[in-house]
Amino acid sequence: MKEYPLVMVDWLDHTADARWVENVDSCEPELCRTVGWLIKEDKKSYKVANAITKESGLGGISVILKSCVEEMWLIDVEDEEI
């Protein structure tokens, strides 16, 4: 299995509200947490998979914009074969 680092990312997501609102101060981005394997990083984003197979098949890819990331941690685990 190809090795990818396991990460936990806290990031701000866009939100929307279709209701009539009087106080727009209550409309805020939502803080989200994603845990998965960091598959790729480029200038603008992190690509994180929530599933990976023994043959390096990838599933559940989240593309997280770096400009939205609040914090990111590497998770240190013993890597055992599936």
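Note: the structure precedes this text.
The following paragraphs examine the structure supplied in this document. What you see is a predicted model, and the numbers here were worked out from it, not measured in a lab.

## Considerations on the pattern of salt bridges
Inspection of the entire model under this criterion finds 3 salt bridges. For Glu 41, the salt bridge is made with Lys 66, and the minimal N-O distance between the two is 2.7 Å. Placement of Glu 41 in strand 2 (residues 30-41) and of Lys 66 in the loop between strand 4 (58-65) and strand 5 (69-75) is noted, with a sequence separation of 25 residues between them. Its salt-bridge partner being Asp 42, residue Lys 47 comes within 3.1 Å of it at the nearest N-O pair. A relative accessible area of 29% means that Asp 42 is categorised as partly exposed.

## Some points on the packing of aromatic side chains
In the structure shown here, the tally under the stated rule is 0 aromatic pairs. Between the NZ or CZ atom of Lys 66 and the centre of the ring of Tyr 46, over which it lies, the distance is 5.1 Å.

## Describing the sheet that holds strand 1 (residues 6-13)
Two strands in a sheet stick together by hydrogen bonds in their backbones, pointing the same way (parallel) or opposite ways (antiparallel). Pairing within the open sheet is antiparallel, and its 5 strands lie in the order 4-3-2-1-5. Strands at the two margins of the open sheet, each flanked by one partner only, are strand 4 and strand 5. For this sheet, the mean inter-axis angle between neighbouring strands, taken without regard to orientation, is 40°.

## Structural notes on the nonpolar core
Formed by Val 7, Val 9, Trp 11, Cys 32, Leu 38, Tyr 46, Val 48 and Ile 64, the largest nonpolar core amounts to 8 residues. It is strand 1 that provides the largest number of residues to this core, a total of 3 residues. Setting aside residues up to four positions removed in sequence, Cys 32 forms contacts with Val 9, Asp 10, Trp 11 and Asp 13.

## Some remarks on the pairing of strand 3 (residues 45-52)
It is a general feature of regular strands that their side chains alternate between the two faces of the sheet. By the bridge criterion, 4 bridges tie strand 2 to strand 3 in an arrangement that is antiparallel. Among the inter-strand pairings, Trp 37 is bridged to a residue of strand 3, identified as Ala 49. Connecting the antiparallel pair strand 2 and strand 3 is a turn made up of 3 residues. Direction of pairing for strand 3 relative to strand 4: antiparallel, over a ladder of 7 bridges.

What counts and how
- Residues numbered from 1 in each chain as written.
- Predicted model: local features only at pLDDT ≥ 70, side-chain atom pairs only at ≥ 80, totals over all residues.
- Heavy atoms only, no water.
- Salt bridge = Lys/Arg side-chain N within 4 Å of Asp/Glu carboxyl O.
- Helix = DSSP H or I, 4+ residues; strand = E, 2+ residues; numbered from the N terminus.
- Buried < 20%, exposed > 50% of the residue type's maximum accessible area, 1.4 Å probe, protein only.
- Phe/Tyr/Trp six-rings, centres within 6.5 Å; stacked < 30°, edge-to-face > 60°.
- Lys NZ or Arg CZ within 6 Å of the ring centre and 35° of its normal.
- Pairing = 2+ DSSP bridges.
- Axes fitted to C-alpha atoms, helices over the stretch in contact; angles between N-to-C directions.
- Core = buried A, V, L, I, M, F, W, Y, C linked by side-chain atoms within 4.5 Å.
- Contact = heavy atoms within 4.5 Å.

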